[in-house]
Each structure stands twice: as structure tokens, then as C-alpha cells.
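Notes for the structure review
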Amino acid sequence: QVQLVEFGGGVVQPGGSLRLSCAASGMIFSVYTMAWYRQPPEGGRELVAEISSGETTNYADSVKGRFTITRDNAGNTVYLQMNSLKLEDTAVYYCHAKLIDDIDYWGRGVLVIVSS
């Protein structure tokens, strides 16, 4: 079965950096659009960044210029490099894979806390 497992969360000070990884298995990784979503302590789940099978990327306005999404099809992994982290980036970050609207999968999430 399809599994998405996130790594790399933790506690970081404002202005710091973290890199999240999502390892996928049980799927033909290269054909999926991969994305990172996040859910802050008080709020709904929102799209952070996505990367298509053709490596077209899309970012939320709030993270443009600070976050970078990349994928390694050979390693079945998607990454989210997060720089210049802000307090408001505190959230649970989820990995998402989508083939078409009715075929998609979620990871269990990883917690990122930005705190001084």
C-alpha cells in the first residue's frame, strides 16, 4: 500500500532553517504531483508548496522566496527546504501525493515549531 512518511521536523529559532523530507513507497512516485501542506495550531490545513511530475512548482504567497520544494524521483522523496523561518510557520506539515482528484494520499505529518 502507499505510504508517505515525513522526517525533519523539530524546534528552530526565528530566522533558522529546516529541511523536511517525505519518503514515498508503494506508488509510482514520478507520476504524482507532490505537495506539502500545513496546519497551524489554530487554523485549517493550507497548501504550502507543490511540485508536479514535470517539476513545475507552486508556492503559497506566505512562503515564496523562503521555502523551496524539490523532488528526487530516483529516491522516491520530496523535500521542503525552509529558510528564514517565522513564528507563523509553526504547524504540522503534511506530505501529500496526488495522481488525479480521486487518487491521493496523505502522510501522518511532522511538527515544526518556530520559537525563540
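Focus: the environment of Tyr59
- One can find Tyr59 in strand 6 (residues 57-59).
- Separated by 10 residues in sequence, Tyr59 and Ala49 have C-alpha atoms that sit 4.3 Å apart.
- Discounting chain neighbours no more than four positions away, the residues touching Tyr59 are Val48, Ala49, Lys64, Phe67, Thr68 and Ile69.
- Polar contacts involving the side chain of Tyr59 include one to the main-chain amide nitrogen of Ile69, which spans 2.9 Å.

Points about the state of the cysteines
- Within this structure, the stated rule accounts for 1 disulfide.
- For Cys22, the disulfide goes to Cys95, at an S-S distance of 2.1 Å. Since a negative S-S torsion denotes a left-handed disulfide, the Cys22-Cys95 link at about -80 degrees is left-handed. A residue pair is termed long-range when its members are at least 10 positions apart, and Cys22 in strand 3 (residues 18-25) and Cys95 in strand 9 (residues 91-100) qualify at 73 residues. Judged on exposure class, the residue Cys22 and its partner Cys95 are both buried.

Some thoughts on the nonpolar core
- One finds Met27, Met34, Trp36, Val78, Leu80, Met82 and Tyr93 to be the most contacted residues of the largest nonpolar core, which totals 31 residues.
- Of all elements in the fold, only strand 3, strand 4 (33-39), strand 5 (46-51), strand 7 (67-72), strand 8 (77-82), strand 9 and strand 11 (110-114) reach the threshold of two or more residues within this core.
- Those residues in contact with Met34 that sit more than four places away from it in its chain are Leu4, Met27, Phe29, Ala49, Glu50, Ile51, Ile69, Arg71, Val78, Cys95, His96 and Ala97.

What counts, and at which threshold
Residues numbered from 1 in each chain as written. Predicted model: local features only at pLDDT ≥ 70, side-chain atom pairs only at ≥ 80, totals over all residues. Heavy atoms only, no water. Helix = DSSP H or I, 4+ residues; strand = E, 2+ residues; numbered from the N terminus. Contact = heavy atoms within 4.5 Å. Polar contact = N/O pair within 3.5 Å; in protein donor to acceptor, adjacent residues only side chain to side chain. Disulfide = S-S within 2.5 Å. Buried < 20%, exposed > 50% of the residue type's maximum accessible area, 1.4 Å probe, protein only. Core = buried A, V, L, I, M, F, W, Y, C linked by side-chain atoms within 4.5 Å.

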